[in-house]
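Spelled out from the first residue to the last, the chains are:
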Amino acid sequence: MRAWLLFALLLAVVALVWSSGWRPPDRYNPWAPLDLRAEPDLFLGYKLSRLADDAPRCRAALRDAGAVFEPLADREQAGGCGWSNAVRLSALADAKLASPVMLTCRLAASLVLFDRNVLQPDARVAFGQPVRAIDHVGSYACRNVYHRDQAPLSRHARADAFDITGFRLGDGRRVSIEEDWVDPARAPFLRALQGDGCHYFGAFLGPDYNAAHRTHFHVQGRGYGFCH
């Protein structure tokens, strides 16, 4: 009985404080809008998931973080393909994409976080300079996993996966995932990107996963944090 009284008292105190207008700092508030420029907090995964279903909030977060993009209208296509809450992304805050790409806003937000918190810091440690461009082979493709007839629909079919093939540094040098994954000088940088970047995406797959990924990093928005 005493425990119930204490719980009721705690609820009353919380309600009183909340009604007074006080709110916890955003990093301790799971319902606060995600600021892609802020230090990632314990609620990052939940805040990213909310962006998936809130196009205005997601686009505002991208805009505030300095990403360059165009909003896209939703489209449903045959066989379950199509996209919703998607953008055509041209550049992140610090690195441009080799060509604009269509992908979900949530995945674009994950890429902004990855660029800010992993890609640029790791590049400066490894090479003493930033990454200026990200090479890729696109996002949207209406197909099943591995193009197999009996396989489930790929996340590419919902514009929620992105295949990165390499990075171009400030001095023009290119780091290739296919060519440098086992290079003694550059492999540590690439492997650090996957290890440090894992929790910003629903999945992060690379050359060690299987032969189909020997040439690129596959990153996606929705998923369960599987990285290999």
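Structure shown above.
These remarks concern the structure in this document. (Residues numbered from 1 in each chain as written. Predicted model: local features only at pLDDT ≥ 70, side-chain atom pairs only at ≥ 80, totals over all residues. Heavy atoms only, no water.)

## Notes on the nonpolar core
Turning to step 1, where the next piece is worked out: Grouped together as the largest cluster of nonpolar side chains are 47 residues, with contacts concentrated most on Leu 62, Leu 89 and Phe 167.
Turning to step 2, where the next piece is worked out: The element that contributes the greatest number of residues to this core is helix α4 (residues 105–127), accounting for 12 residues.
Turning to step 3, where the next piece is worked out: Among the nonpolar cores identified, the runner-up in size contains five residues, and Leu 72, Trp 83, Met 102 and Ala 159 belong to it. (Core = buried A, V, L, I, M, F, W, Y, C linked by side-chain atoms within 4.5 Å. Buried < 20%, exposed > 50% of the residue type's maximum accessible area, 1.4 Å probe, protein only. Helix = DSSP H or I, 4+ residues; strand = E, 2+ residues; numbered from the N terminus.)

## Topic: the pairing of strand β4 (residues 86–91)
Turning to step 1, where the next piece is worked out: Looking at chain direction, strand β1 (residues 68–72) and β4 are connected through five bridges and run antiparallel. If you follow Phe 69 over to β4, its bridge partner there is Leu 89.
Turning to step 2, where the next piece is worked out: The loop that links β4 with its antiparallel partner strand β5 (residues 96–104) comprises four residues. (Pairing = 2+ DSSP bridges.)

## Here we look at the pattern of salt bridges
Pairing between side chains of opposite charge can happen when their charged atoms approach one another.
Turning to step 1, where the next piece is worked out: By the definition in use, this model includes 12 salt bridges.
Turning to step 2, where the next piece is worked out: One salt bridge connects Arg 222 with Asp 53, and the closest N-O pair in it is separated by 3.5 Å. Taken together, the residues span a long stretch of sequence, with Arg 222 in the loop between β10 (217–220) and β11 (226–227) and Asp 53 in the loop between α2 (44–52) and α3 (55–64) at a distance of 169 residues.
Turning to step 3, where the next piece is worked out: Taking relative accessible area as the criterion, Arg 222 reaches 37% and is therefore assigned partly exposed.
Turning to step 4, where the next piece is worked out: The partner of Glu 76 in a salt bridge is Arg 158, with the nearest N and O atoms 3.0 Å apart. With a gap of 82 residues between them, Glu 76 in strand β2 (residues 75–76) and Arg 158 in the loop between β6 (131–136) and β7 (161–169) connect regions that are remote in the sequence. (Salt bridge = Lys/Arg side-chain N within 4 Å of Asp/Glu carboxyl O.)

## A look at the environment of Ala 32
Turning to step 1, where the next piece is worked out: The residue Ala 32 is located in the loop between α1 (2–19) and α2 in this model.
Turning to step 2, where the next piece is worked out: Separated by 11 residues in the primary sequence, Ala 32 and Phe 43 have C-alpha atoms spaced 9.5 Å apart.

## Some remarks on the packing of aromatic side chains
For any pair of aromatic rings, the description consists of the separation of the ring centres together with the inter-plane angle of the planes.
Turning to step 1, where the next piece is worked out: The final tally for this structure, using the stated rule, is nine aromatic pairs.
Turning to step 2, where the next piece is worked out: Summarising the aromatic geometry, the rings of Phe 114 and Phe 201 are spaced 5.7 Å apart at their centres and angled 65 degrees between planes, so their arrangement reads as edge-to-face. With Phe 114 in helix α4 and Phe 201 in the loop between α6 (187–197) and β9 (203–205), the pair connects residues that are 87 residues apart, well separated along the chain. In terms of burial, Phe 114 and Phe 201 fall into one category: buried.
Turning to step 3, where the next piece is worked out: Relative to Phe 217, the ring of Phe 204 lies with its centre 5.0 Å away and its plane at 70 degrees, an arrangement referred to as edge-to-face. Separated by 13 residues along the polypeptide, Phe 204 in strand β9 and Phe 217 in strand β10 bring together distant segments of the chain.
Turning to step 4, where the next piece is worked out: Site record: aromatic cluster; members linked through ring pairs are Phe 114, Trp 181, Phe 201, Phe 204 and Phe 217. (Phe/Tyr/Trp six-rings, centres within 6.5 Å; stacked < 30°, edge-to-face > 60°.)

## Some thoughts on the side chain of Asp 135
Turning to step 1, where the next piece is worked out: Along the chain, the position of Asp 135 falls in strand β6.
Turning to step 2, where the next piece is worked out: What makes Asp 135 buried here is its relative accessible area of 9%.
Turning to step 3, where the next piece is worked out: At 2.6 Å, the side chain of Asp 135 forms a polar contact with the side chain of Arg 168.
Turning to step 4, where the next piece is worked out: Within the local environment of Asp 135, its side chain forms a polar contact with the side chain of Arg 174, the two groups lying 2.7 Å apart.
Turning to step 5, where the next piece is worked out: Apart from the residues lying within four places of it in its own chain, the contact partners of Asp 135 are Ala 98, Ile 164, Thr 165, Gly 166, Phe 167, Arg 168 and Arg 174. (Polar contact = N/O pair within 3.5 Å; in protein donor to acceptor, adjacent residues only side chain to side chain. Contact = heavy atoms within 4.5 Å.)

## Notes on the state of the cysteines
Here is the idea: a disulfide is a covalent bond, and it sits between the sulfur atoms of two cysteines.
Turning to step 1, where the next piece is worked out: Applying the stated criterion across every chain yields a total of three disulfides.
Turning to step 2, where the next piece is worked out: Across the disulfide from Cys 58 sits Cys 105; the S-S distance is 2.0 Å. Taking the sign of the S-S torsion, -105 degrees for the link of Cys 58 and Cys 105, the bridge is left-handed. Of this pair, Cys 58 sits in helix α3 while Cys 105 sits in helix α4, and the two are 47 residues apart along the sequence. Summarising the burial analysis for this pair, Cys 58 and Cys 105 share the class buried.
Turning to step 3, where the next piece is worked out: With its sulfur 1.9 Å from that of its partner, Cys 198 forms a disulfide with Cys 227. Between Cys 198 and Cys 227, the S-S torsion sits near 100 degrees, and that sign places the bridge as right-handed. Taken together, the residues Cys 198 in the loop between α6 and β9 and Cys 227 in strand β11 connect sequence positions 29 residues apart.
Turning to step 4, where the next piece is worked out: The exposure class assigned to Cys 198 is buried, which follows from its relative accessible area of 18%.
Turning to step 5, where the next piece is worked out: Disulfides within the protein chain link the bonded cysteines, taken in sequence order, as 1-3, 2-4, 5-6. (Disulfide = S-S within 2.5 Å.)

By themselves, these figures tell us nothing about what the structure is for.
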